[in-house]
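The chain contents come next:
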Amino acid sequence: MVSAVEQPPPPATAKYPAGTSFLKQFKGYGVWEGRITSFDGDSYKVFYPDDGYIEQFDCSIMDKIIAKSNRLTEKKVRVAKRETDMRTAEDNTPPAETINNNDGGSK
């Protein structure tokens, strides 16, 4: 009788591939852009290009970060649209009437 050899489980595939960008808010430091650099089957390694900071997150934490990033991105888009709409409205405001002080002295 031949016994079956137990096979190791296949490697987990990354839900978010290397190169995926996200936004993460750091309390007291603002919002920073991060990028996923690798996935080892259990956790993601991320890099913040603006300051060189590196972190590692398990899959469940990375899911939360990506979900929060999507909300931050949507908020930034809404704010940018509102600012653009305000600038457009200002640009389309008719100029104030010019007062002509050279009316020949007649009143």
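First things first, this report covers the structure right here in the doc. (Residues numbered from 1 in each chain as written. Predicted model: local features only at pLDDT ≥ 70, side-chain atom pairs only at ≥ 80, totals over all residues. Heavy atoms only, no water.)

1. With respect to the pairing of strand 2 (residues 30–39)
Where strand 1 (residues 21–26) lies against strand 2, 6 bridges are found, and the strand directions are antiparallel. Each residue of the ladder has a partner; that of Ser21, found in strand 2, is Arg35. Here strand 1 hands over to strand 2 after 3 residues, with Gly28 in that stretch at a positive phi of 85 degrees. A loop of 3 residues connects strand 2 with strand 3 (residues 43–48), the two strands running antiparallel in sequence, and Gly41 in this loop sits at a positive phi of about 100 degrees. (Pairing = 2+ DSSP bridges. Helix = DSSP H or I, 4+ residues; strand = E, 2+ residues; numbered from the N terminus.)

2. Some points on helix 1 (residues 59–91)
The end-to-end C-alpha distance of helix 1 is 47 Å, a good match for the 48 Å that 33 residues give at a rise of 1.5 Å each. For helix 1, the full list of buried residues reads Met62, Ile65, Ile66, Ser69 and Leu72. Those residues of helix 1 hidden inside the fold are in contact with strand 1, strand 2, strand 3 and strand 4 (53–58). (Expected span 1.5 Å × (residues − 1). Buried < 20%, exposed > 50% of the residue type's maximum accessible area, 1.4 Å probe, protein only. Contact = heavy atoms within 4.5 Å.)

3. Details of the pairing of strand 3
Here 4 bridges tie strand 2 to strand 3, and the two strands are oriented antiparallel to one another. Within strand 3, the position partnered with Ile36 by the bridge is Val46. One ladder, built from 6 bridges, connects strand 3 with strand 4; its direction is antiparallel. By the bridge assignment, Tyr48 is partnered in strand 4 with Tyr53. Between strand 3 and strand 4, which pair antiparallel one after the other, the connecting turn spans 4 residues, and Gly52 there sits at a positive phi close to 80 degrees.

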